[in-house]
Amino acid sequence: MASHFGNPEERLKPFLSLGFSSRAIHGGQHPDPVTGAVMPPIYQNSTYAQSEAGKPIGEFEYSRTHNPTRRVLEDALALLENGTFGLAMSSGMAATSLLISLFQPGDEIVCCDDVYGGTYRLFTKVLEAQGYKFRFVDLSDVGQIEQSITQNTKLVWLETPTNPLLKLIDIRKVAARAKAVGAKVVVDNTFMSPYFQKPLDLGADFVLHSLTKYINGHSDVVGGAIITRDKVAAERLYFLQNSIGAVLGPFDSWLVVRSIKTLPVRMKAHGESAQLLAEWLEKHPKVEKVIYPGLKSHPQHTLAREQMSGFGGMLSFYLKGGLAEAQAVLRKVKVFTLAESLGGVESLIEHPAIMTHASVPQHIREKNGIADSFLRVSVGLEDLADLKKDLDEAFS
Ligand SMILES: *Cc1c(COP(=O)(O)O)cnc(C)c1O
């Protein structure tokens, strides 16, 4: 079958010997055959000429189905995650919706309990009404993996580290259990990016990204992606993507391709600053507790070292005090921007209970530890001294 995605296995071959940084810079890219342009052009067009009815001049027919700029991005993403098939959509939530479309109403999906607020909203407010069955489980508790993933389970949905509590889930253990009962596993790898964690290598079937975050990294694109090695699932996903219409536009695809070139240096810097900031916060008299996988005090620090090659740029902390103290800090910060989202070059701070996780019911938030004194930080690439000074002043 002539498929919409051509032959990714062949296309990726020239890049397979490259390391991560080289893949980030060159993955899926060749000088433009017409002009020699070193950077992939933006093919900002919807349709492609045919020489005879049904015979396109080139490989492309219509840009919902496939677009050369999007294809470069999809190949680059597949290479970064050590996958074979990449698909890029208009948002992380579009990627989530598309992935769920592989399954049927009635299917049981086990999901980690501390999941991105928008994912929780889609699952409970949209998909449950269509008949999908979700079970929210604390998969960071190894005992619950065996207990909750059963013969009835069709898909396991997880984020690790979770958002915003930064609990870790053992991807290898979940994948082994899922395989034993015939379920698939998807890891939302948005927080770590493939620089720090490669779920397919650990046994996951699918990786999902909000490209909006670290992969694009400049807070100027909303996008999503799915990567897999499973050819049968990939064929179906491309069919669904074309049928449903969840695609990323050429200009946004180009921006993300451009951003990926600096992903390794950005992630390294995010990780270094976050580690130092977490250690500093842990000693600060106004701070009750810091959660960061790179801290020895993190209860799953050992697992973090095993399944990640670094600890990322996200950290959370509890202030001493309550809502008033938290609100005061958020009002006073100047270098940090009070905003939702994460993963950009600029540092952001937010209040999960009021902002990103407001769609999670209060009793569940409280049970999970998303308290009024709880703040989440996306550590950007500013001078660390400025970040410390900004928080120190906001705390006083
Ligand atoms: C932001 C985010 C999403 C949703 O992505 P959008 O691009 O905003 O649709 C999904 N998962 C995680 C972990 C996120 O941070």
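Rules used in this analysis
Residues numbered from 1 in each chain as written. Predicted model: local features only at pLDDT ≥ 70, side-chain atom pairs only at ≥ 80, totals over all residues. Heavy atoms only, no water. Pairing = 2+ DSSP bridges. Helix = DSSP H or I, 4+ residues; strand = E, 2+ residues; numbered from the N terminus. Axes fitted to C-alpha atoms, helices over the stretch in contact; angles between N-to-C directions. Contact = heavy atoms within 4.5 Å. 1 Å grid on protein atoms, 1.4 Å probe; cavity = no way out; pocket = protein on both sides within 12 Å on 5 of 7 lines; lining within 4 Å. Points joined across faces, edges and corners; volume = space filled by probe spheres on them. Nonpolar A, V, L, I, M, F, W, Y, C, P; charged D, E, K, R; others polar. Domains from an automatic or database assignment. Expected span 1.5 Å × (residues − 1). Buried < 20%, exposed > 50% of the residue type's maximum accessible area, 1.4 Å probe, protein only. Polar contact = N/O pair within 3.5 Å; in protein donor to acceptor, adjacent residues only side chain to side chain. Right-handed = clockwise from strand over helix to strand, strands pointing away. Near = heavy atom within 4 Å. Areas by Shrake-Rupley, 256 points an atom, 1.4 Å probe, with all protein chains shown as cover. Core = buried A, V, L, I, M, F, W, Y, C linked by side-chain atoms within 4.5 Å. Salt bridge = Lys/Arg side-chain N within 4 Å of Asp/Glu carboxyl O.

Enquirer: What's the story with the sheet that holds strand S4 (residues 108-112) in this structure? I'm lost.
Expert: In any sheet, the strands associate via hydrogen bonds between backbone groups, in a parallel or an antiparallel arrangement. Read from one edge to the other, the open sheet built from seven strands follows the order S3-S9-S8-S7-S6-S4-S5, with strand pairing classed as mixed. Both outer strands of the open sheet, strand S3 (85-89) and strand S5 (133-137), are each paired with one neighbouring strand and no more. Each strand axis lies, on average, 20 degrees off the axis of its neighbour in the sheet, ignoring direction. Bridge count between S3 and strand S9 (residues 224-228): five bridges; the pairing is antiparallel. Each residue of the ladder has a partner; that of Met-89, found in S9, is Gly-224. Docked against the sheet, helix H3 (residues 68-80) engages S3 and S9, running at close to 125 degrees with respect to S3.

Enquirer: Honestly, empty space enclosed by the protein in this entry has me stumped. Any pointers?
Expert: Over the atoms, a rolled probe matching the size of one water molecule traces out where space is still vacant. Summed over the entire model, instances satisfying the criterion amount to three cavities of 30 Å³ or more. In this model, the second largest cavity occupies a volume close to 40 Å³. Partitioned by chemical class, the residues of the lining of the second largest cavity number five nonpolar, three polar and two charged. Two domains each donate at least three residues to the lining of the second largest cavity, and these are domain 1 (8-260) and domain 2 (264-395).

Enquirer: Please clarify how helix H9 (residues 231-244) should be interpreted in this entry.
Expert: The periodicity of an α-helix, 3.6 residues per turn, causes residues three or four positions apart to be oriented the same way. The first and last C-alpha atoms of H9 sit 19 Å apart over 14 residues, in line with the 20 Å expected at 1.5 Å per residue. Turning to H9, its buried residues number three or more, namely Ala-233, Ala-234, Leu-237, Tyr-238, Leu-240, Gln-241 and Asn-242. Structurally, H9 contributes buried residues whose contacts are with H3, S3, helix H4 (92-100), strand S8 (206-210) and S9. Between the side-chain oxygen of the N-cap and the backbone nitrogen of Val-232 there are 3.1 Å, and the N-cap of H9 in question is Asp-230.

Enquirer: Sorry, what's going on with the sheet that holds strand S14 (residues 374-378) here?
Expert: The strand order across the open sheet built from five strands is S10-S11-S14-S13-S12, with neighbouring strands paired in mixed fashion. Looking at the sheet topology across the chains shown, the edges are occupied by strand S10 (287-291) and strand S12 (337-338). Of the strand pairs in this sheet, strand S11 (residues 314-319) and S14 are connected by five bridges, and their pairing is antiparallel. Looking at S14, one finds that Tyr-318 is bridged to Phe-374.

Enquirer: I tried to follow the pairing of strand S6 (residues 153-159) on my own but got confused; where do I start?
Expert: Every other side chain in a regular strand lies on the same face of the sheet, so the side chains alternate between the two faces. Counting buried residues in S6 gives six out of seven residues, a clear majority hidden from the surface. Pairing of S6 with strand S7 (residues 184-188), which is carried by five bridges, proceeds in the parallel orientation. Note that in S7 the partner of Val-156 across the bridge is Val-185. Viewed along the sheet, the connection from S6 through helix H7 (residues 171-181) into S7 turns out right-handed.

Enquirer: I would appreciate a short explanation of the site of the ligand in the present structure.
Expert: The environment of the ligand is made up of 13 residues, and the closest members are Gly-92, Asp-188, Ser-210, Thr-212 and Lys-213. Asp-188 places a side-chain nitrogen or oxygen 2.6 Å from a nitrogen atom of the ligand. One nitrogen or oxygen atom from the side chain of Ser-210 is found 2.8 Å from an oxygen atom belonging to the ligand. With the chains in place, 93% of the 380 Å² that the ligand exposes on its own is no longer accessible.

Enquirer: Where do I start with the layout of surface pockets in this structure?
Expert: Volume-wise, the largest pocket comes out at about 490 Å³. Around the largest pocket sit 19 residues that line it, and Gly-28, His-30, Pro-33, Pro-68 and Val-72 are the ones nearest its centre. Across the lining of the largest pocket, the residue classes tally to 10 nonpolar, four polar and five charged. Within this model, the second largest pocket holds a volume of roughly 330 Å³. Lining of the second largest pocket is provided by 24 residues; of these, Met-93, Tyr-116, Thr-190, Ser-210 and Lys-213 occupy positions nearest its centre. Those elements giving two or more residues to the lining of the second largest pocket turn out to be H4 and S8.

Enquirer: So what exactly am I meant to see when it comes to the nonpolar core here?
Expert: One recurring pattern in soluble globular proteins is that nonpolar side chains are buried together. Of all hydrophobic cores here, the largest spans 68 residues; its most connected members are Leu-73, Leu-277, Leu-281, Leu-315 and Phe-317. In this structure, this core is formed jointly by two domains, domain 1 (8-260) and domain 2 (264-395), each of which donates at least three residues. If sequence neighbours within four positions are ignored, Leu-281 has contacts with Val-287, Val-290, Leu-315, Phe-317, Leu-391 and Phe-395. Counting residues in each nonpolar core, the second largest holds 51 residues, with Trp-157, Leu-158, Val-181 and Leu-202 among its members.

Enquirer: Before we go on, may I ask you to explain the pattern of salt bridges in this structure?
Expert: If charged atoms from side chains of opposite charge come close, those side chains can pair. Taken as a whole, this structure holds 16 salt bridges when the rule is applied. As a salt-bridge pair, Arg-177 and Glu-146 come within 3.9 Å of each other at their nearest N and O atoms. Remark: Glu-146 occurs in helix H6 (residues 142-148) and Arg-177 occurs in helix H7; sequence separation between them is 31 residues. Put simply, Asp-201 and Arg-229 hold a salt bridge, and the shortest N to O gap is 2.5 Å. You can see Asp-201 sitting in the loop between helix H8 (193-196) and S8 and its partner Arg-229 sitting in the loop between S9 and H9, a full 28 residues away along the chain. The exposure class of Asp-201 is partly exposed, given its relative accessible area of 43%.

On their own, these measurements won't tell you what the molecule is for.
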